[in-house]
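Summary of the model geometry
Residue strings, one per chain:
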Amino acid sequence: MNINNKTFHARWKLHSSQVRGVHNFKYGSEDITILPSGLAFISSGLKYPQTPSYAPDSPGKIFILDLEDQKHRPTELRISRGFDVDSFNPHGISTYIDKEDDTVYLFVVNHPQFRSTVEIFRFVEEDYSLTHLKTVQHELLHNVNDIVALGPESFYATNDHYFTQHLLRSLETLFCLAWCNVVYYSPTEVKEVASGFYMANGINISPDKKYVYVSDILDSAVHVMEMNQNYTLTPIKAIHVGTLIDNIEVDPETGDLWGGCHPNGWKFFNYNPEDLPGSEVIHIKNIHSEEPIVTQVYADNGSVIQGSSVATVYKGKLLIGTVFHKALYCHLEQSIKM
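Residues numbered from 1 in each chain as written. Predicted model: local features only at pLDDT ≥ 70, side-chain atom pairs only at ≥ 80, totals over all residues. Heavy atoms only, no water.

1. Digging into the sheet that holds strand β7 (residues 75–76)
For clarity, the cut-off: Any two strands with at least two DSSP bridges between them are considered paired. Going along the chain from the N terminus, every DSSP run of H or I of four or more residues is numbered as a helix, and every run of E of two or more is numbered as a strand.
Strands sit in the order β4-β5-β6-β7 across an open sheet of four strands; the sheet is antiparallel. Because the sheet does not close on itself, it has two edges, and the strands there are β4 (31–34) and β7. Note that β4 and strand β5 (residues 39–44) share four bridges and pair antiparallel. Note that in β5 the partner of Asp-31 across the bridge is Ser-43.

Given below as structure tokens:
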């Protein structure tokens, strides 16, 4: 595998003069997913063990950002009545578009009172709102981190810990127990479909829906798995990327992977305002080849952006989100050097 961490021009070059913060994101932008139309959903305000929060008493929110609009100002999505917005604590997100009627479903990992649920919403574009459809709870979905939607009510989800009690979770991490897993959920079946991860984090799917990608943040690796007809996952290979990769986004046109990463795990998990955690974005090209190309596209020591958790692209634009800090909007240009 070819890892290029010393130049920014193996495939993409970042315009340093066109890197700017996105308005309204003071309390995190943990996960981002973009519709084909250029509308980006962004989860904000996550409160989670071992990570700081600049608004511990405020509920989380979902924003939308129209990347076709040059103003680049996010709008908070209004959530329908009946949903408990006061305990809303959004984490990973995913969308599913119904091919028959173009309905957009938004799946949100939620941690009310630090429990794990999955909330399913219908997106109403006319008034930028979310209609709550269903709350999913199950004993196998006990420490959900991220999610990838497979249908209007079905998905894969990662559990980033085996234990739910705080002390046991800490010991699990300390002793590097590879007990985390991926779970498949549908209204008719719930089951473990992959296991053996130290801390299963981001999850996503290939454009052809044949492969699933899971990041194991403590192993600095992306696992490639093949989907089977019964929704179990067969491991193909693991790509070690040399950094703690968090969420994974997939370019729908090229199939390339983009990852928001933590270059220093100690600084991220043990936050010190005098020694800030940095940020990093990587791009993975030709992931199914024998020599995937992993390139560092952005890096910062924490002076600009702290705790990057996601990176995703749309028409030469790069959005970088964070667990608890702000979001960045950047311009990319494709380099002629390969």
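2. Description of the environment of Asn-204
The following threshold applies: The criterion used for residue contact is that any of the two residues' heavy atoms lie within 4.5 Å. In protein, a polar contact means a hydrogen-donor-capable atom and an acceptor-capable atom, both N or O and within 3.5 Å, with residues adjacent in sequence counting only if both atoms are side-chain atoms; elsewhere, any N or O pair within 3.5 Å suffices.
When you line up the elements, Asn-204 lands in strand β17 (residues 200–205). On a C-alpha basis, the gap between Asn-204 and Val-214 in space is 6.8 Å, while along the polypeptide they are 10 residues apart. Among all residues touching Asn-204, those that are not within four sequence positions of it are Val-148, Tyr-211, Val-212, Tyr-213, Ile-248, Glu-249 and Val-250. Reaching out from Asn-204, the side chain makes a polar contact with the backbone oxygen of Ile-248 at a distance of 2.8 Å.

3. So, a nonpolar patch on the surface
Going by this rule: Residues enter a patch when their relative accessible area is above 30% and they make no salt bridge; the linking distance is 9 Å between like charges and 5 Å between nonpolar side chains (Val, Leu, Ile, Met, Phe, Trp, Tyr). What sets the accessible areas is the Shrake-Rupley method with a 1.4 Å probe; for residues, cover comes only from the shown protein chains. For this analysis, a salt bridge means a side-chain nitrogen from Lys or Arg found within 4 Å of a carboxyl oxygen belonging to Asp or Glu. Per-residue accessibility, obtained with a 1.4 Å probe over protein chains only, is compared with the maximum for each type, and a residue is labelled buried under 20%, exposed over 50%, and partly exposed between these values.
Residues Leu-167, Leu-168, Leu-171, Leu-174 and Phe-175 make up a contiguous nonpolar surface patch of about 500 Å² in total accessible area. Residue placement: Phe-175 occurs in the loop between α1 (166–174) and β15 (180–186). We classify Phe-175 as exposed; its relative accessible area is 57%.

4. Focus on the UniProt feature "active site" (unreviewed entry) in the chain
Defined as follows: UniProt positions are given in the numbering used here, feature names are shortened, and annotations may be inferred rather than shown by experiment.
UniProt's feature table lists "active site" (unreviewed entry) at His-91, given in the numbering used throughout. According to the relative accessible area criterion, His-91 is buried, its value standing at 2%. In this structure, His-91 is in contact with Glu-30, Asp-31, Ser-43, Leu-46, Tyr-48, Val-109, His-111, Val-144 and Asn-145, ignoring residues within four places of it in sequence.

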